[in-house]
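In case you want the letters, here they are:
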Amino acid sequence: MFIDTHAHLNYPDIVKNIDDVLLRASDSGVESIIVPATTYKTSIEIVELVQKHKMLYAAVGIHPTELKDFDESHLPKIEELAKESKVLAIGEIGLDYYWEPYDRELEIMVLTEQLRIAKRAGLPVILHNRKSTDDLMKIVKEEYEGGKLKGQFHSFSAGPAEAKECVEMGFYISFTGNITYKPNEGTYIAYDIVKQTSAEHLLLETDTPYLPPVPYRGKQNEPSYVKHTAAKIAELKEMSVEELGRITTENARRLYCI
Ligand code: NI
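Calculation notes
- Residues numbered from 1 in each chain as written.
- Predicted model: local features only at pLDDT ≥ 70, side-chain atom pairs only at ≥ 80, totals over all residues.
- Heavy atoms only, no water.
- Core = buried A, V, L, I, M, F, W, Y, C linked by side-chain atoms within 4.5 Å.
- Buried < 20%, exposed > 50% of the residue type's maximum accessible area, 1.4 Å probe, protein only.
- Helix = DSSP H or I, 4+ residues; strand = E, 2+ residues; numbered from the N terminus.
- Contact = heavy atoms within 4.5 Å.
- Pairing = 2+ DSSP bridges.
- Axes fitted to C-alpha atoms, helices over the stretch in contact; angles between N-to-C directions.
- Salt bridge = Lys/Arg side-chain N within 4 Å of Asp/Glu carboxyl O.
- Phe/Tyr/Trp six-rings, centres within 6.5 Å; stacked < 30°, edge-to-face > 60°.
- Expected span 1.5 Å × (residues − 1).
- Donors = N, O, S within 2.8 Å, 3.2 Å for Na, K, Ca; no water.
- Tetrahedral: all angles 85-135°; square planar, octahedral: opposite > 155°, others 65-115°.
- Parallel < 35°, antiparallel > 145°, perpendicular 65-115°, else oblique.
- Left-handed = near helix turned anticlockwise from the far one by under 90°.
- Nonpolar A, V, L, I, M, F, W, Y, C, P; charged D, E, K, R; others polar.

Engineer: Please explain the nonpolar core as it appears in this structure.
Structural biologist: Within soluble globular proteins, side chains that are nonpolar tend to cluster in buried spots. Core analysis: the largest hydrophobic core is formed by 71 residues, its most contacted members being Leu 9, Ile 33, Leu 127 and Phe 171. Looking at which element gives the most residues to this core, the answer is helix α5 (residues 104-121), with six residues. In this structure, Ile 33 is in contact with Asp 4, Ala 7, Leu 9, Leu 22, Ala 25, Met 55, Leu 56, Tyr 57 and Pro 223, ignoring residues within four places of it in sequence. Ile 34, Ala 59, Tyr 172 and Tyr 256 belong to the second-largest nonpolar core, a separate cluster that totals twelve residues.

Structure representation (structure tokens):
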């Protein structure tokens, strides 16, 4: 069994076919799926969506590349939404210095406030990082306060040293389908991180609809494909897919209280 800890299922063309997408996911051994929001508006939509489907859970939050329509009043509203049933995390939140132009100060403020919301709510966070490793690690360590902050570094893109620090703080790490791509420099670093990280600190994810694993490159990703990413990670860990599925499912249940 698998838990897809990161699937953006709220896009209209996916919602349209949601029953088929979820059926294919169950047929592939996926038991639960976490749907992270990216704005205040999508947070509301996802809280509604997950009420309709047993296997779906929600994360509410504001993504660093989605700050165009940001308003400070959204933060207390996210904190209120976090109390709704089936909301089990604050996410997807983080920093992104890849897409220009970006407002570093604003990104840091919105991230920090949401880390504090997560701590007050007693919920884990789902973290996004793109070209922002130094600032993200610094802020997470500042807000960590000896374990009050917990969560997942999704689509892990920092190095082996940061991976070790994340694990030491009790955080979980996950990779998307891009770990199945033809090896390049970045993939080799990901391989090393998977090998050095105990399976007890790994989670599975698709990042649907992005980054589908081989053999689905060029297609729209979906939760049923998580087994291909799991197979690659299991191979690197020299364990069976079943064993990796069992351990990462336990990890996800523990972190997100599923
Ligand atoms: Ni995402």
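Engineer: Looking at this structure, I do not really get the sheet that holds strand β6 (residues 151-153). What am I missing?
Structural biologist: Remark on secondary structure: sheet strands pair via backbone hydrogen bonds, oriented parallel or antiparallel. Read from one edge to the other, the open sheet built from eight strands follows the order β1-β2-β3-β4-β5-β6-β7-β8, with strand pairing classed as parallel. Edge positions in the sheet fall to β1 (2-4) and β8 (202-204), since each has one partner strand and no second. Strand after strand, the sheet turns through a mean of 30° between neighbouring axes, direction not considered. The sheet contact formed by β6 and strand β7 (residues 172-175) spans two bridges and is parallel. Looking at the pairing, Phe 153 lines up with Ile 173 of β7. Against the sheet, helix α3 (residues 40-52) engages β2 (30-36), β3 (56-60) and β4 (87-96), with an angle of about 160° to β3.

Engineer: Please clarify how the pattern of salt bridges should be interpreted in this entry.
Structural biologist: Side chains that differ in sign of charge can pair as their charged atoms come close. Per the stated rule, a full pass over the model turns up 18 salt bridges. Two residues, Glu 143 and Lys 119, come together in a salt bridge whose shortest N-O distance is 2.9 Å. Within this pair, whereas Glu 143 is found in helix α6 (residues 133-144), its partner Lys 119 is found in helix α5, the two being separated by 24 residues in sequence. We note that Glu 143, like Lys 119, is buried. The network of salt bridges with shared partners includes Arg 116, Lys 119, Glu 143, Glu 145 and Lys 148.

Engineer: It is not clear to me how the packing of aromatic side chains should be interpreted in this structure. Could you clarify?
Structural biologist: For any pair of aromatic rings, geometry is given as the distance between the ring centres together with the angle between the planes. Enumeration according to the criterion identifies nine aromatic pairs in this entry. Taken together, a centroid distance of 4.8 Å and an interplanar angle of 10° make the contact between Tyr 97 and Tyr 102 stacked. The class of Tyr 97 is buried, set by a relative accessible area of 12%. Between Tyr 216 and Tyr 225 the ring centres are 3.7 Å apart and the planes differ by 0°, which places this aromatic pair in the stacked class. Through successive ring pairs, a cluster of aromatic residues spans Tyr 144, Phe 153, Phe 156, Phe 171 and Phe 175.

Engineer: I'm lost on α5 in this one. Help?
Structural biologist: An α-helix turns once per 3.6 residues; consequently, residues spaced three or four apart project the same way. Between the first and last C-alpha of α5 there are 26 Å, a value that for 18 residues agrees with the 26 Å anticipated at 1.5 Å per step. Within α5, burial applies to Glu 107, Ile 108, Val 110, Leu 111, Thr 112, Gln 114, Leu 115, Ile 117, Ala 118 and Lys 119. Those residues of α5 that are buried are in contact with α4 (74-81), β4, β5 (125-130) and α6. Gly 122, located one to two residues past α5, shows a positive phi value of around 70°.

Engineer: Any chance you could explain the environment of Lys 54 here in plain terms?
Structural biologist: The residue Lys 54 is located in the loop between α3 and β3 in this model. Separated by 201 residues in sequence, Lys 54 and Leu 255 place their C-alpha atoms 19 Å apart.

Engineer: What's the story with the coordination of the nickel ion in this structure? I'm lost.
Structural biologist: When a metal holds four donors in a tetrahedron, each ideal angle between them is 109.5 degrees; when it holds six in an octahedron, the ideal angles are 90 or 180 degrees. Only His 6 (NE2), His 8 (NE2), Glu 92 (OE) and Asp 207 (OD) from the protein reach the nickel ion as donors, at distances of 2.1 to 2.8 Å. The coordination sphere of the nickel ion comprises four donor atoms, whose angles at the metal cover 82 to 169°; the geometry is irregular.

Engineer: Would you take a moment to explain the packing of α5 against α6 for this structure?
Structural biologist: Helices that pack against each other are described as a pair by the angle of their axes relative to one another and the distance between those axes. One way to put it is that α5 packs onto α6 with a least axis distance of 11 Å and a crossing angle of 30°. The angle between α5 and α6 falls in the class roughly parallel. In the crossing of α5 with α6, the sense of the turn from one axis to the other is right-handed. Residues Arg 104, Ile 108, Leu 111, Thr 112, Leu 115, Arg 116 and Lys 119 of α5 touch α6, and the partners they reach there are Asp 135, Leu 136, Ile 139 and Glu 143. Residues of the contact of α5 with α6, tallied by class, amount to five nonpolar, one polar and five charged.

Remember that the coordinates give geometry; whether it matters functionally is a separate question.
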